[in-house]
Each structure stands twice: as structure tokens, then as C-alpha cells.
Amino acid sequence: MQTNSSRRVIGYYGFPLRSALGGVRDRFGRDLPLVDLDVAAGAPDAGLLPPATCRIIANVVDNAVHLGPRLAAVVAAVGEDKCDRGRHAAWILRELGVIVIESRFHEEAFEDRPLLYSTGRGPLAGRVEAIMATVVDPALPGDPPEPCLPTHGFWGVPPNDMRILDLFPPTTHLYGWVRCVEAGRPADLDLECFVDEGVPTVFFHQAFCAKQDLAHRLAEKHGGIAVDCHGEINDSILAKVEAFIRLS
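Residues numbered from 1 in each chain as written. Predicted model: local features only at pLDDT ≥ 70, side-chain atom pairs only at ≥ 80, totals over all residues. Heavy atoms only, no water.

(A) Broad picture of the pairing of strand 7 (residues 201-206). Most of strand 7 is tucked away, with six of its six residues classed as buried. Pairing of strand 5 (residues 152-155) with strand 7 involves three bridges; the strand directions are parallel. Considered in strand 7, the bridge of tryptophan 155 is made with phenylalanine 203. Both strand 7 and strand 8 (residues 225-229) contribute to a ladder of five bridges, which runs parallel. The partner of glutamine 206 across the bridge, within strand 8, is cysteine 229. Since strand 7 and strand 8 lie parallel, the crossover through helix 7 (residues 212-222) that links them has a hand, and here it is right-handed. (Buried < 20%, exposed > 50% of the residue type's maximum accessible area, 1.4 Å probe, protein only. Helix = DSSP H or I, 4+ residues; strand = E, 2+ residues; numbered from the N terminus. Pairing = 2+ DSSP bridges. Right-handed = clockwise from strand over helix to strand, strands pointing away.)

The structure is reproduced here in C-alpha cells:
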């Protein structure tokens, strides 16, 4: 996120409807950059949320407040494709005077895009970043990776601290909400809960996130491990994940 510029931007979080993103760009300017407010970008704590808040939602509010008058508007995913705290963040930003356009990704808007990066071979962080880029531009960047059979799995959302992804081998498949994003189906609960049988999988969630309910149940069902982290990944979490990957 470029915070040292005076150029106005359009913020978004989650996976808003493409029509919602397009409508806001038509309204405020197609040349305005789109900024993902979910991502940790070094914004200071705005002091508006309690400590026991999902780090991703805190990023949304902190980033929006830090951008200040540069923020032309926010396109906020507030439906089943995000979470209730996504709705709460939209309400808080509106209270602060930010123009907020809500988006609810209903089933009729589901796409059926191929799962190329979720099931391909390559560094996990790069594949997650490529998938998340399709929220703004559905055209996949470059040539997709070659498909592979999974030796491991990563389930969940993009972590606040992406270093955890560096622990996984290139033959790791992506499951959970990240897979739903690549498929263009961010509110598809059945797809979010799908995991290939027999694949050793880490079920990751941010601390204080509602997805912990799914992560713990799925880890129990599939013999994986549930891992949660609030802010930065600490040595204990890294060691736990690394040991699971090596032993499996």
C-alpha cells in the first residue's frame, strides 16, 4: 500500500462482486488504484477496535483510517462471503464518514473458474497472491503452474503473516476460502469445507475469527492440525507447523 502519496484510491476487502467494484470505479474514476484493505501494510493501530479482534478485520479499519482523505470509497464484502465482523467494519467506517458500498456475493453470482493455482505446483505464497489478485482482475497472471498430486494441504484464508506459507512444500494444495476465491465462489460453504481425503492438512485461521469453528472440526475430521495466530507468526507456531509437515 502506497501511503506516502496524495493520490486517491478505492479500498476494498474480502471478495466484492465484480459489478460492485466496477460501479465504484465508474463513479469515482477508473484510473484510481484499488487497495486491498485486508492486507497488513504497516498502518498504525487506529485504536477503534478491542485487542480481541481478528487481525484481518483490524487491518481493514487501521488501513482505512491511515489512508484518511485519500480514500475515495470502500467496497465492503459484508455477506456470507465475508463475516459479521466485515459488516461491523463497514458500519464503523461509515460512522467515520467513509463512503462505503456494501457487497453481498449471492449464489446467483457464483462463477465456475478452474482451480489452477490451488492444485498446481509452486511456492505457496506466490500462488496465494496470484489467486487473491483475481479479485480485482479475473485474468490469471502468466502461465498457470503445472498440476500436481497433493502431498500436503493448507486450508484457510491468506494469513496476516505470510511467512507461514514458506514452510510448505511446492506440492501443497490450497483449500478453504482461498480455493473458493479462485473458483469465483467465495460464499460456497461446501467448497470451503472440501479437503481431499488422506492429505495431511494444516487448517489455519486468524485468532478471534469465526472460521475457527470450521478449522477445528475439519482438523478433527481429517486428522490434520488446527493452527491459529493473532498477529505475527511466532516461533512456537512455526515449529508446530514445520514438525507436522515433516512428520506427515
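Don't stop here, the text continues.
(B) Representation of the pattern of salt bridges. For the coordinates displayed, the defined rule picks out 13 salt bridges. In this structure, arginine 30 engages aspartate 26 in a salt bridge whose closest nitrogen and oxygen atoms are separated by 3.1 Å. A residue is classified by how much of its surface remains accessible, and aspartate 26, at 56% relative accessible area, is exposed. The salt bridge partner of arginine 246 is glutamate 242, with a shortest N-O separation of 3.1 Å. Pair noted here: arginine 246 and glutamate 242 are both in helix 8 (residues 235-247), with a separation of four residues, about one helical turn. (Salt bridge = Lys/Arg side-chain N within 4 Å of Asp/Glu carboxyl O.)

(C) Highlighting helix 8. For helix 8, which comprises 13 residues, the first-to-last C-alpha distance of 18 Å matches the rise-based estimate of 18 Å (1.5 Å per residue) to within 8%. Those residues of helix 8 that fall on the buried side of the exposure criterion are Ile237, Leu238, Val241, Phe244 and Ile245. Buried positions in helix 8, seen along its axis, are confined to an arc of 135° and lie on one side of it. Among the exposed residues of helix 8, those pointing more than 90 degrees away from its buried face are Asp235, Ser236, Arg246 and Leu247. For helix 8, the capping residue at the N-terminal end is asparagine 234, with a side-chain oxygen 3.1 Å from the backbone nitrogen of serine 236. (Expected span 1.5 Å × (residues − 1). Arc of directions from axis to C-beta. Polar contact = N/O pair within 3.5 Å; in protein donor to acceptor, adjacent residues only side chain to side chain.)

(D) Region of the structure containing the domain arrangement of the chain. Looking at the assigned domains, one finds that the chain contains domain 1 (9-107) and domain 2 (124-247). Look at where the C-alpha atoms of domain 1 and domain 2 centre, and you get two points 23 Å apart. In this assembly, 19 residues from domain 1 lie in contact with 17 residues from domain 2. When domain 1 packs against domain 2, the two sides together hide about 1600 Å² of surface, and 66% of this comes from carbon and sulfur. Every element with two or more residues in the side of domain 1 that touches domain 2 is listed here: helix 1 (18-28) and helix 2 (55-67). With three residues, helix 2 is the largest single contributor of residues to the side of domain 1 that touches domain 2. (Domains from an automatic or database assignment. Contact = heavy atoms within 4.5 Å. Buried area = accessible area lost by both parts, 1.4 Å probe.)

(E) Structural context of the packing of aromatic side chains. One pass over the full model with this rule turns up six aromatic pairs. The interplanar angle of 85° and the centroid separation of 5.6 Å between the aromatic rings of phenylalanine 154 and phenylalanine 168 together place this pair among those described as edge-to-face. Separated by 14 residues along the polypeptide, phenylalanine 154 in strand 5 and phenylalanine 168 in the loop between strand 5 and strand 6 (172-175) bring together distant segments of the chain. Note on tyrosine 175 and phenylalanine 194: the rings are 6.3 Å apart at their centroids and 65° apart in plane angle, and the pair reads as edge-to-face. Note that tyrosine 175 is positioned in strand 6 and phenylalanine 194 in the loop between helix 6 (189-192) and strand 7, a separation of 19 residues in sequence. (Phe/Tyr/Trp six-rings, centres within 6.5 Å; stacked < 30°, edge-to-face > 60°.)

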